[in-house]
Amino acid sequence: MPELPEVEITCRGLAKVLIRKKITNVTTRRSGLRIPFPADLSKNMHGTRVRSVTRRGKYICINLSNGYVLVIHLGMSGRIIIADRHYEPKLHDHFIISFSRYQKIILNDPRRFGLVTILKSDELEYREFFRNIGLEPLSDKFTPDLLRSKLKNKKIAIKLALLDQKVVSGIGNIYACEALFRAGISPKRESSAISYKLLSKLVNSIKLVLTEAIEAGGSTIRDFVHPDGKLGYFAMKWQVYGREGEPCLCNHQKNIVIKKIVQSGRSTFFCPICQR
DNA sequence: CACTCTCCCTGAAAGC
DNA sequence: TGCTTTCAGGGAGAGT
């Protein structure tokens, strides 16, 4: 389940092979994913070149030389495979772009929670599309003061606030759990009731955990595959995520184990002793 | 407005 | 062993 680091790694991988390449063919193999593929998708892509590949939250933005931006969200199970002209489409390959020099990229997404659309980069469309997307957690603008202002009056649990893409963009279930563990904050804490000092700690933890994951090459669970097609099995070790019943890594001598709870239908893993 | 719940979907894993 | 059930979750939209 790609979160910010996985999307970032995917973008870097795409940039490496696609920049300046010309789009020679666009194929859709079904009518759409979470939303239909735009009718003019192929028309607006064909013959243009890739200017850059950027990321906004969990969205991949492939910026084209004709002023359009191809926007891809990987959803739960999406992956982008980089291949050559010999690649044969496989099950759940929904969207294929062919480039000059026989390069191809394939969007494979078994669960189809992903999204593909195309926007004009210089117009309201683009701004409108990302209107509700919060601040980038790795930007210098993401500070304790900013987070405090976002959480002011919020009664929801801090874990749920971190998952809210309007509060901060790019954090999913795994990194929300991991960041809270590192900051020593209970996922159940009311968002607005957390001290400035702890919010500072949380901001640092978020930046740290995301940065480490990017450096680890995009951490992986189950179905994330690097853009070059290799599995990312050098993934970071989660300290709490998926470790229900296992000992807390902070406290070996006592019999403290990681607990799992459900918050708004999402699993949360945490240490009831280390996180207050 | 603030918040929770449901739905979409498939494959892996657990349960029987 | 093999079939059935459960679970995983991002984000939109309905419901409270």
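As shown above, the structure is provided for reference.
All of these numbers come straight from a predicted model, not from anything done at the bench.

Student: Outline the protein's contact with DNA strand C, listing residues and values.
Tutor: DNA strand C sits among 13 residues. The nearest are His73, Asn173, Tyr241, Lys260 and Arg266. Take the atoms of DNA strand C that sit within 4 Å of the protein: sugar and phosphate atoms are 58% of them. In the environment of DNA strand C, a phosphate oxygen lies 2.5 Å from a nitrogen or oxygen atom belonging to the side chain of Lys260. The contact in question runs from a phosphate oxygen of DNA strand C to an N or O atom on the side chain of Ser267, over 3.3 Å. Along the lines of polarity and charge, the residues of the surface near DNA strand C split into four nonpolar, four polar and five charged.

Student: Give me the lowdown on the packing of aromatic side chains, citing residues and values where you can.
Tutor: Following the criterion strictly, the structure yields seven aromatic pairs and no others. Their ring planes at 80° and their centres at 5.5 Å tell us that Tyr175 and Trp238 sit as a pair that is edge-to-face. Taken together, the residues span a long stretch of sequence, with Tyr175 in helix H6 (residues 173–183) and Trp238 in the loop between helix H7 (196–215) and strand S9 (259–263) at a distance of 63 residues. Overall, the relative accessible area of 13% leaves Trp238 in the buried class. Note on Tyr241 and Phe269: the rings are 5.1 Å apart at their centroids and 65° apart in plane angle, and the pair reads as edge-to-face. One end of the pair, Tyr241, is in the loop between H7 and S9; the other, Phe269, is in strand S10 (residues 266–270), and 28 residues separate them in sequence.

Student: Lay out the protein's contact with DNA strand B with the relevant residues and their values.
Tutor: Around DNA strand B sit Leu91, His92, Pro110, Arg111, Arg112, Phe113, Lys154, Lys155, Ile156, Leu160 and Ser264, and that is every residue in its neighbourhood. Of everything in DNA strand B that lies within 4 Å of the protein, sugar and phosphate atoms constitute 70%. For DNA strand B, a phosphate oxygen lies 3.0 Å from a polar atom in the side chain of Arg112. Ile156 places a polar main-chain atom, nitrogen or oxygen, 3.4 Å from a phosphate oxygen of DNA strand B. Of the residues that constitute the surface near DNA strand B, the class distribution is five nonpolar, two polar and four charged.

Student: Report on the packing of helix H4 (residues 144–151) against H7, specifying residues and quantitative values.
Tutor: To describe two helices that pack against each other, one gives the angle between their axes and the distance between the axes. Closest axis-to-axis distance for the H4/H7 pair is 9 Å, and the angle between their directions is 110°. Taken together, H4 and H7 sit at an angle that is classed as roughly perpendicular. H4 and H7 meet at a crossing whose hand is right-handed. On H7, the residues touching Pro144, Asp145, Leu147, Arg148 and Leu151 of H4 are Tyr196, Leu199, Ser200, Leu202 and Val203. Residue classes in the contact of H4 with H7 are distributed as seven nonpolar, one polar and two charged.

Student: Give a description of the nonpolar core that names residues and reports values.
Tutor: Membership of the largest hydrophobic core comes to 39 residues, with the highest contact counts inside it found for Leu147, Ile158, Leu162, Leu202 and Ile206. Where this core is concerned, the elements lending two or more residues are helix H1 (4–18), H4, helix H5 (158–163), H6 and H7. The residues contacting Ile206, other than those within four sequence positions of it, are Pro137, Phe142, Leu162, Ile171 and Ala179. Counting 28 residues, the second-largest nonpolar core is a separate cluster that includes Val7, Val26, Val50 and Ile62.

Student: Now, about the pairing of S10: what can you tell me, with residues and values included?
Tutor: Of the pairings in the sheet, the one linking S9 to S10 comprises five bridges and is antiparallel in character. When the sheet's bridge partners are listed, Gln263 is paired in S10 with Arg266. Here S9 folds back onto S10 in antiparallel fashion, the turn holding two residues, of which Ser264 has a positive phi close to 50°.

Student: Summarise the sheet that holds strand S4 (residues 68–73); cite the residues concerned and give the values.
Tutor: Sheet architecture is open: four strands sit in the order S2-S3-S4-S8, paired in antiparallel fashion. Among the strands making up the open sheet, the edge pair consists of strand S2 (50–56) and strand S8 (115–120). The mean inter-strand angle of the sheet, taken between neighbouring strand axes irrespective of direction, is 20°. Across six bridges, S4 lies against S8 in antiparallel orientation. Bridge pairing in S8 links Val69 to Leu119. Along the sheet face, H1 touches S2 and strand S3 (59–64) and points at about 175° away from the line of S2.

The rules behind the values
For every chain, the first residue of the written sequence is number 1, and numbering continues from 1 onward in sequence order. The lettering of chains begins at A and the numbering of ligands begins at 1, in the order of writing. The predicted origin of the model limits local features to residues at a pLDDT of at least 70 and limits the giving and counting of side-chain atom pairs to 80 or more, whereas totals for whole chains, interfaces and linings rest on all residues. Side-chain metrics rest on all non-hydrogen atoms present in the structure, leaving aside hydrogens and water. Any residue with a heavy atom lying within 4 Å of a molecule or strand is counted as near it. Pairing of N or O atoms within 3.5 Å defines a polar contact, subject to two protein rules: one partner must be a possible hydrogen donor and the other a possible acceptor, and residues neighboring in sequence count only if both atoms are side-chain atoms. Lys, Arg, Asp and Glu make up the charged group, whereas Ala, Val, Leu, Ile, Met, Phe, Trp, Tyr, Cys and Pro make up the nonpolar group; the residues left over, Gly among them, are polar. Aromatic rings from Phe, Tyr and Trp, with only the six-membered ring used for Trp, were paired whenever their centres fell within 6.5 Å, and each pair was classed as stacked if the ring planes differed by under 30 degrees, edge-to-face if by over 60, and tilted otherwise. Secondary structure is summarised from DSSP: a helix means a run of H or I of at least four residues, a strand means a run of E of at least two, and numbering begins at the N terminus for each. Classification of residues uses two cut-offs on accessible area relative to the type maximum, computed with a 1.4 Å probe and protein chains only: under 20% is buried, over 50% is exposed, and between them is partly exposed. To define axes, lines are fitted to C-alpha atoms, for helices over the stretch in contact only, and angles between the resulting N-to-C directions are given on a 0 to 180 degree scale. Angle categories are assigned with fixed cut-offs, so that under 35 degrees is roughly parallel, over 145 is roughly antiparallel, 65 to 115 is roughly perpendicular, and the rest are oblique. Rotating anticlockwise by less than a right angle from the far helix to the near helix defines a left-handed crossing, while the corresponding clockwise rotation defines a right-handed one. We call two residues in contact when some of their heavy atoms are within 4.5 Å. Nonpolar cores are built from buried Ala, Val, Leu, Ile, Met, Phe, Trp, Tyr and Cys residues. Side-chain atoms within 4.5 Å join them into one set. Two strands pair if DSSP finds at least two bridges between them.

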